[in-house]
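# Notes for the structure review
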Amino acid sequence: MVLLAGCTSTASGGSAAPSATTTSTTNSASAPSVSAATGCHSPVETTSLPEWADAGFSGDARIPHVFGAKGDIVAALFAHPLRQVREDGSNNKILWVARAATTSPDPTAPATLVITATLDGTDTRVTREVAGGPGPSIIDMPQAGCWHFDLRWSGHTDTMDLVYAP
């Protein structure tokens, strides 16, 4: 049911300039091999953002968001649903917010948020980077579907699933 809700909302995203970049794309075949799909397990929530993630928002900020599996990072979705192709001129803006305690345990660790995304049921994998660590970004995926995100920043890790509609 969450997957359907993630694919049927009609809110559109903001118009911030892209701050994420593609650093590599690997498709092992032109037609990806498909295994049994495990589905997306990170629900899109529309409740208030947690207190640690609502800086800069006013009042009772209710924006679609997804928590990392460990709860150390949240993806605030300014475009929901996320789309593989956005024909309306909007973009897939995601604000990444990490808990304050997870932003810099090791001053020598790179601050960049590195996202390694794998399309569910395939071996299609892409890498995206958000310079400066968690913050505003435009995260596009090359295909529609459920993407498993492996997130790394400042010596920390977390995971989440995000659905990109066609």
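Residues numbered from 1 in each chain as written. Predicted model: local features only at pLDDT ≥ 70, side-chain atom pairs only at ≥ 80, totals over all residues. Heavy atoms only, no water.

Another point: the pairing of strand E9 (residues 145-153). As defined by bridge partners, strand E6 (residues 113-119) adjoins E9 across 6 bridges and the pair is classed as antiparallel. The residue of E9 that forms the bridge with Ala 117 is Phe 149. Of the pairings in the sheet, the one linking E9 to strand E10 (residues 156-165) comprises 9 bridges and is antiparallel in character. Counterpart to His 148 in the pairing with E10 is Asp 161. (Pairing = 2+ DSSP bridges. Helix = DSSP H or I, 4+ residues; strand = E, 2+ residues; numbered from the N terminus.)

Going through the model one piece at a time under the given rule, you end up with 1 salt bridge. Measuring nitrogen to oxygen at the nearest pair gives 3.7 Å for the salt bridge that ties Arg 152 to Asp 150. A residue is classified by how much of its surface remains accessible, and Arg 152, at 35% relative accessible area, is partly exposed. (Salt bridge = Lys/Arg side-chain N within 4 Å of Asp/Glu carboxyl O. Buried < 20%, exposed > 50% of the residue type's maximum accessible area, 1.4 Å probe, protein only.)

Summary statistics for the protein give a mean pLDDT of 78 and a share of 71% for residues scoring 70 or more. With pLDDT under 50 throughout, residues 1-38 is counted as low confidence; its partners more than four residues away or in other chains account for 78 contacts. (pLDDT = per-residue confidence, 0-100. Contact = heavy atoms within 4.5 Å.)

Turning our eyes to something else, we now look at the state of the cysteines. Under the definition given, this model contains 1 disulfide. Linked covalently through their sulfurs, Cys 40 and Cys 146 form a disulfide whose S-S length is 1.8 Å. For the disulfide bridge between Cys 40 and Cys 146, the dihedral angle about the S-S bond is near 120°, and by the sign convention the bridge is right-handed. A residue pair is termed long-range when its members are at least 10 positions apart, and Cys 40 in the loop between strand E1 (20-26) and strand E2 (65-67) and Cys 146 in strand E9 qualify at 106 residues. In this structure Cys 40 comes out as partly exposed when scored by relative accessible area, which is 21%. (Disulfide = S-S within 2.5 Å.)

Below, the discussion takes up the packing of aromatic side chains. Taken as a whole and judged by the stated rule, the model has 2 aromatic pairs. With centroids separated by 6.2 Å and ring planes inclined at 15°, the aromatic side chains of Phe 57 and Phe 78 adopt a geometry described as stacked. With Phe 57 in the loop between E1 and E2 and Phe 78 in the loop between strand E3 (73-77) and strand E4 (82-83), this pair connects stretches of sequence that are 21 residues apart. Accessibility expressed as a relative area gives 25% for Phe 57, which makes it partly exposed. Taking NZ or CZ as reference, Lys 93 lies 4.6 Å from the ring centre of Phe 78, over its face. (Phe/Tyr/Trp six-rings, centres within 6.5 Å; stacked < 30°, edge-to-face > 60°. Lys NZ or Arg CZ within 6 Å of the ring centre and 35° of its normal.)

Moving on, we come to the sheet that holds strand E8 (residues 136-138). Spatially, the 4 strands line up as an open sheet ordered E2-E3-E5-E8, and their pairing is antiparallel. Two strands lie at the open edges of the sheet, namely E2 and E8, each paired on one side alone. Adjacent strand axes in the sheet meet at a mean angle of 25° when their direction is disregarded. By the bridge criterion, 3 bridges tie E2 to E3 in an arrangement that is antiparallel. Paired with Val 66 across the bridge in E3 is Ala 75. (Axes fitted to C-alpha atoms, helices over the stretch in contact; angles between N-to-C directions.)

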